Amino acid sequence: MLATMRLPELSREPLSGSRAFFAVEYEPATNEVLLLDQRLLPTEIRYLRLRKADEVADAIRTMVVRGAPAIGITAAYGLAQLAAQERGDAAVFLMAIGVAGRALDATRPTAVNLAWAIARMARTAADVAKLEPDARATRMIAEAEAIHREDVAACKAMGALGAKDVPMGATVITHCNAGALATGGYGTALGVIRAAHAEGRIAKVLACETRPYLQGARLTSWELHHDGIPVEVITDSMTGHFLSRGEIGFAVVGADRIAANGDVANKIGTYGLAVLCGAHEVPFTVAAPWSTIDRRTPDGSAIPIEERSRDEVAKVGASVLVEDGIPCRHPAFDVTPARLVRAIYTERGVIRTGAGETPDSVVRRPQMP
Ligand SMILES: CSC[C@@H](O)[C@@H](O)C(=O)COP(=O)(O)O
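The shown structure was predicted, so the numbers you read here are calculated from the model rather than taken from an experiment.

Cut-off values and rules
Residues numbered from 1 in each chain as written. Predicted model: local features only at pLDDT ≥ 70, side-chain atom pairs only at ≥ 80, totals over all residues. Heavy atoms only, no water. Near = heavy atom within 4 Å. Areas by Shrake-Rupley, 256 points an atom, 1.4 Å probe, with all protein chains shown as cover. Helix = DSSP H or I, 4+ residues; strand = E, 2+ residues; numbered from the N terminus. Nonpolar A, V, L, I, M, F, W, Y, C, P; charged D, E, K, R; others polar. Domains from an automatic or database assignment. Salt bridge = Lys/Arg side-chain N within 4 Å of Asp/Glu carboxyl O. Phe/Tyr/Trp six-rings, centres within 6.5 Å; stacked < 30°, edge-to-face > 60°. Buried < 20%, exposed > 50% of the residue type's maximum accessible area, 1.4 Å probe, protein only. Lys NZ or Arg CZ within 6 Å of the ring centre and 35° of its normal. Contact = heavy atoms within 4.5 Å. UniProt positions renumbered as here; feature names shortened; annotations may be inferred. Pairing = 2+ DSSP bridges. Axes fitted to C-alpha atoms, helices over the stretch in contact; angles between N-to-C directions. Parallel < 35°, antiparallel > 145°, perpendicular 65-115°, else oblique. Buried area = accessible area lost by both parts, 1.4 Å probe. Polar contact = N/O pair within 3.5 Å; in protein donor to acceptor, adjacent residues only side chain to side chain.

A few points about the site of the ligand
The environment of the ligand is made up of 19 residues, and the closest members are Arg-66, Arg-108, Gln-215, Asn-266 and Lys-267. When the ligand is considered free in solution it has 410 Å² of accessible area, and contact with the protein chains removes 99% of it. Counting only elements with at least two residues in the shell around the ligand, the list comes to helix H2 (68-85) and strand E9 (264-267). A breakdown of the residues in the shell around the ligand according to their chemical character gives eight nonpolar, seven polar and four charged. Counting residues domain by domain, the shell around the ligand receives three or more from each of domain 1 (24-154) and domain 2 (161-364).

Quick notes on the pattern of salt bridges
Enumeration according to the criterion identifies 24 salt bridges in this entry. The salt bridge partner of Lys-204 is Glu-232, with a shortest N-O separation of 3.4 Å. One end of the pair, Lys-204, is in strand E5 (residues 202-208); the other, Glu-232, is in strand E6 (residues 231-234), with 28 residues separating them in the sequence.

Quick look at unusual backbone geometry
Between Leu-41 and the following residue, Pro-42, the backbone shows a cis peptide bond with an omega angle of 5°. Mapping Pro-42 onto the fold places it in the loop between strand E2 (32-36) and strand E3 (47-50). Geometrically, the link from Arg-211 to Pro-212 is a cis peptide bond, its omega value of 5° lying close to zero. The phi dihedral of Tyr-186 falls on the positive side, at around 80°, and the residue is not glycine.

Here we look at the packing of aromatic side chains
Tallied over the full model, the rule gives three aromatic pairs. Note on Phe-22 and Tyr-47: the rings are 5.0 Å apart at their centroids and 50° apart in plane angle, and the pair reads as tilted. Residue Phe-22 is found in the segment before strand E1 (24-27), and its partner Tyr-47 is found in strand E3; the two are separated by 25 residues along the sequence. Classification of Tyr-47 as buried rests on a relative accessible area of 12%. Looking at Lys-156, its charged tip hangs above the ring of Tyr-186, at a distance of 5.6 Å from the centre.

Examining the environment of Gly-78
Topologically, Gly-78 is positioned in helix H2. On the accessibility criterion, Gly-78 (0% relative accessible area) is buried. Placed 45 residues apart in sequence, Gly-78 and Val-33 show a C-alpha to C-alpha distance of 7.0 Å. In this view, Gly-78 contacts Val-33, Ala-53 and Val-56; residues no more than four positions away in its chain are not counted.

Side note on the UniProt feature "active site" (unreviewed entry) in the protein
The feature "active site" (unreviewed entry), as annotated in UniProt, sits at Asp-256 in this numbering. Tracing the backbone shows Asp-256 in the loop between strand E7 (250-253) and strand E8 (257-259). Discounting residues that sit within four places of it in the chain, Asp-256 has contacts with Ala-68, Thr-110, Ala-111, Val-112, Asn-113, Ala-265, Asn-266, Lys-267, Thr-292 and Phe-333.

A closer look at the sheet that holds strand E16 (residues 349-351)
Across the sheet, which stays open at both edges, the seven strands sit in the order E6-E5-E4-E7-E10-E15-E16 with mixed pairing between neighbours. Whereas interior strands pair on both sides, the edge strands pair on one side only; in this sheet they are E6 and E16. Between one strand axis and the next, the sheet turns through 25° on average, direction left out of account. Here strand E10 (residues 284-287) pairs with strand E15 (residues 343-346) via three bridges, running parallel. The partner of Val-286 across the bridge, within E15, is Ile-344. Running over the sheet, helix H9 (residues 270-279) touches strand E4 (170-174), E7 and E10 and is turned about 140° from E10.

Brief notes about the packing of H2 against helix H5 (residues 133-163)
Two numbers describe how H2 lies on H5: the axes approach to 8 Å, and their chain directions differ by 170°. Here H5 runs roughly antiparallel to H2, going by the angle between their axes. From H2, Pro-69, Ile-73, Ala-76, Tyr-77, Leu-79, Ala-80, Ala-83 and Ala-84 reach across to H5, where they touch Ala-137, Met-140, Ile-141, Ala-144, Glu-145, Ile-147, His-148 and Asp-151. Grouping the constituent residues of the contact of H2 with H5 by class yields 13 nonpolar, one polar and two charged.

So, the domain arrangement of the protein
Splitting the protein by domain gives domain 1 (24-154) and domain 2 (161-364). Centre-to-centre separation of domain 1 and domain 2, based on C-alpha positions: 26 Å. With 26 residues of domain 1 in contact, the opposing surface of domain 2 contributes 28 residues. Both sides together, the interface formed by domain 1 and domain 2 hides about 2300 Å², and carbon and sulfur atoms give 56% of it. Among the residues of domain 1 in contact with domain 2, Arg-66, Thr-110 and Val-112 are the three that bury the most area, contributing 26% of the side total. For the interface between domain 1 and domain 2, the tally reads one salt bridge. Here Arg-108 and Glu-306 are joined by a salt bridge, their closest N and O atoms 2.9 Å apart. Linking domain 1 to domain 2 there are 15 residue pairs in polar contact (both at pLDDT 80 or more).

Shown next, in the form of structure tokens:
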């Protein structure tokens, strides 16, 4: 497995629980944030060591790290790192955390996990501001590590719940990358796939390539292949073909933000896949931690959609596909209405959207918040 890995030396076991690879870790011995540079995958495995919060913000903006939970965890570590560097009094400390938090928050607008993690770190900063610098840094680092550890546990919990819905022997389709690379470890949609594979339910996975940034082709296939889970890459335009032939039994994707009514924002192309699954009566499901649910956003129309650069559509690497000067559009996410989603797997239970449940309606259940 992963014979070509060059892992950075860590002074302890990674919180992601994987020595094979990790998307993000914090190294307390050096106060560095370590990121696997996902822009280079699958051809090169290189880790970056980040020493300042603005380097962390840059890394999120430029897609060194991506995926909703992973960017939230990375931002939390960026603020913990800053807390370990800031020696000023409480007011100076809170000012520095506030400025860095706003810069991190401005990097990517759609994934609510980013704002959620920054807000949680800001609350901790307010609680510890009056402590000695070393003591408040220790508390900030512990909070970021808790966010990381809780995310891995959430992925495993939702994976176990979702796996039960995967029909025995199914071919499962997924879109984008909602795996260990996109989370603290294990993955959301790929967590369901990992758990279902361990239960012997999965014949193979079809990974949509996910134009234009190709997270499915570059990242999902890499993760699954090196985990020994059978995977085939298809172009996004092939999904209707395979569904029409009855070759797909289950669909599971991640999410960047889920509105109070159950509408799901995820990587561009998800909505089309959901419509096709609906037309062919194939269960279309979503796996996401509770930190992806934004109950202050009433429905999908209120979710901000990130517009990314023209060049990601007009070029593949150095190859030009669209002549200079011809405009291209690039919404990076779309919204799938709740009515097309059969179920949402979370660490707090399953939201049966197909049976009319919503995030708002299930919070009254005993195990829900
Ligand atoms: C567990 S990750 C869920 C989503 O963040 C994922 O499906 C996705 O859309 C990622 O988009 P990206 O633009 O690569 O950050």
